[in-house]
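Here is what each chain is made of, one letter per residue.
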Amino acid sequence: MNPLSDTFGRLHDNLRLSVTDRCNIRCFYCMPEHDVKYVPHPEVLRFEEIERFARIAVSLGVRKLRITGGEPLVRRDLHVLARKLSAIPGVEDLALTTNGVLLAEQAKELYEAGLRRINVHLDTLDRERFIQITRRDDLAKVLAGIDRALELGFGPVKLNAVAVKGLVEPDIVPLARFARERGIEVRYIEFMPLDAQGLWDKNKVLLADDILKILAGEIGPLEALPDPDPRAPALEYRFSDGVGKIGFIASVSRPFCLNCNRIRLTADGMLRYCLFAIEETDIKGPMRRGASDGEIAAIIAETVRAKWLGHEINRAGFVPPPRPMHAIGG
Ligand code: SAM
Ligand code: SF4
């Protein structure tokens, strides 16, 4: 049996590595505005530990790595980690998810380290709404980061926008036009119950159909694209004129748990088999106590085997995970 296959037959070849729980902005659907409880520095995995974990996971069949956080670019010398990860034999795909604020400064060294795929988180092109969402005035830096990444030849560059109902509707058309002009894709991620302040409510989730209606009315019709990888979570559409793609990560309205192929390592070295998992498996402890690669591999395989069928956001008894998005690693 494949070591990263679970009891439902799902194979896990996709690992998301959170490198920090800290962030330089404060999106309301992720972090609290004040008094953020951070993991103390000594508890955060060192680059060598993250690389070791990734190597072991790759030896078990992981092929895709994504660096995330918190905001990964606030971690000093992230390019050093990107270089280590892209050099692991067997890694077919290395990607980064960032809020883009520090991207213009770091894009060149990340490119030189072998990184190519970037998702930049951007919900709006409106400065006031950016401030309202992120509680920081950094839109210009994010836009400069996107320009710089495109100039350097990163690709694919995608935009991640969180679909919050009653808030981002005016941003949908400008964001799609912005992306069409640059040949990049916008991905809408349904607002999930992972915010630090318990603000989530099902009625605040803006659904793919609503977004498609707005886009079709203002820009032009869209057509669904065939799914190149049934295990990838995004549903993708293309404008019928051939210019521009829109993707949807519809975790709330169309959960993709049955095809899930992901595991996650938090910045403090806990392994999670699901974004919404309640339990976590300690990796840092055994690593720092001298566990062998084989012992770590066995812990990873055991965690995957214990994976549940899926999250229960849509059930009455849903219990959100004990940590918010920035601490889990998005
Ligand atoms: N700081 C980076 C960023 O913002 O892209 C990486 C970490 S962030 C937690 C990863 C992604 O999670 C972001 O692209 C953001 O769109 C998404 N996100 C954060 N909170 C969310 C929530 N409550 N529901 C849905 N998506 C969320
Ligand atoms: Fe920071 Fe990303 Fe969370 Fe926004 S979504 S607060 S950028 S970690």
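In this text the structure is predicted, and so the values were computed from the model without any measurement. (Residues numbered from 1 in each chain as written. Chains lettered and ligands numbered in written order. Predicted model: local features only at pLDDT ≥ 70, side-chain atom pairs only at ≥ 80, totals over all residues. Heavy atoms only, no water.)

**Student:** Explain the site of ligand 2 to me, please; I cannot follow it from the model alone.
**Tutor:** Taken together, the neighbourhood of ligand 2 is formed by Cys 23, Ile 25, Cys 27, Cys 30, Met 31, Gly 70, Asn 99 and His 121. Of the residues assigned to the shell around ligand 2, the class counts are five nonpolar, three polar and no charged. (Near = heavy atom within 4 Å. Nonpolar A, V, L, I, M, F, W, Y, C, P; charged D, E, K, R; others polar.)

**Student:** What exactly am I supposed to notice about the pairing of strand β5 (residues 157–163) here?
**Tutor:** Taken residue by residue, a regular strand's side chains alternate between the two faces of the sheet. Burial of β5 is extensive: seven of the seven residues sit out of reach of the surface. Residues Val 157, Leu 159, Ala 161 and Ala 163 line one face of β5 and the alternating positions Lys 158, Asn 160 and Val 162 line the opposite face, and both faces are buried. Here strand β4 (residues 117–121) pairs with β5 via four bridges, running parallel. Residue pairing for β5: Asn 119 is matched across the bridge by Lys 158. (Buried < 20%, exposed > 50% of the residue type's maximum accessible area, 1.4 Å probe, protein only. Helix = DSSP H or I, 4+ residues; strand = E, 2+ residues; numbered from the N terminus. Pairing = 2+ DSSP bridges.)

**Student:** Before we go on, may I ask you to explain the site of ligand 1 in this structure?
**Tutor:** Near ligand 1 lie 18 residues; those nearest to it are Tyr 29, Gly 70, Glu 71, His 121 and Met 192. With respect to ligand 1, the side chain of Asn 160 contributes an N or O atom lying 3.1 Å from an oxygen atom. For ligand 1, whose accessible area on its own is 530 Å², the fraction buried by protein is 96%. For the shell around ligand 1, the elements supplying multiple residues, two or more each, are β3 (93–98), β5 and β6 (185–190). (Polar contact = N/O pair within 3.5 Å; in protein donor to acceptor, adjacent residues only side chain to side chain. Areas by Shrake-Rupley, 256 points an atom, 1.4 Å probe, with all protein chains shown as cover.)

**Student:** So what exactly am I meant to see when it comes to unusual backbone geometry here?
**Tutor:** The omega torsion across Gly 155 and Pro 156 is -5°, close enough to zero to call that bond cis. Relative to the helices and strands, Pro 156 is located in the loop between α5 (139–152) and β5. One non-glycine residue, Asp 35, lies in the positive phi region at around 50°. Its location among the elements puts Asp 35 in the loop between β1 (14–18) and α1 (47–59). Backbone geometry places Arg 135, a non-glycine residue, at a positive phi of 60°. Tracing the sequence through the fold places Arg 135 in the loop between α4 (127–134) and α5.

**Student:** For this particular structure, what's the right way to read the pattern of salt bridges?
**Tutor:** Once their charged atoms are close, side chains differing in charge can pair, the charge on each being opposite to the other. All chains considered together, the criterion is met by 24 salt bridges. A salt bridge links Asp 209 to Arg 254; the shortest N-O distance between them is 3.8 Å. Linking Asp 209 in helix α7 (residues 208–218) with Arg 254 in the loop between β9 (245–249) and β10 (262–265), this pair joins segments that are 45 residues apart in sequence. Salt bridges linked by common partners bring Asp 268, Arg 272, Glu 280 and Arg 323 together as one network. (Salt bridge = Lys/Arg side-chain N within 4 Å of Asp/Glu carboxyl O.)

**Student:** Even after reading the chapter, I still don't get the environment of Phe 8, so can you show me in this structure?
**Tutor:** Checked against the element boundaries, Phe 8 lands in the segment before β1. When its relative accessible area of 43% is taken as the criterion, Phe 8 is described as partly exposed.

**Student:** What exactly am I supposed to notice about the packing of helix α3 (residues 103–112) against α5 here?
**Tutor:** Each packed pair of helices is defined by two parameters, the angle between the axes and the distance between the axes. Where α3 meets α5, the closest approach of the two axes is 8 Å, and the angle between their N-to-C directions is 25°. The orientation of α3 relative to α5 falls into the category roughly parallel. Like other packed secondary-structure pairs, α3 and α5 cross with a definite hand, here right-handed. Along the contact surface, α3 presents Leu 103, Ala 104, Ala 107, Lys 108 and Tyr 111, while α5 presents Ala 144, Gly 145, Ile 146, Arg 148, Ala 149 and Leu 152. Of the residues assigned to the contact of α3 with α5, the class counts are eight nonpolar, one polar and two charged. (Axes fitted to C-alpha atoms, helices over the stretch in contact; angles between N-to-C directions. Parallel < 35°, antiparallel > 145°, perpendicular 65-115°, else oblique. Left-handed = near helix turned anticlockwise from the far one by under 90°. Contact = heavy atoms within 4.5 Å.)

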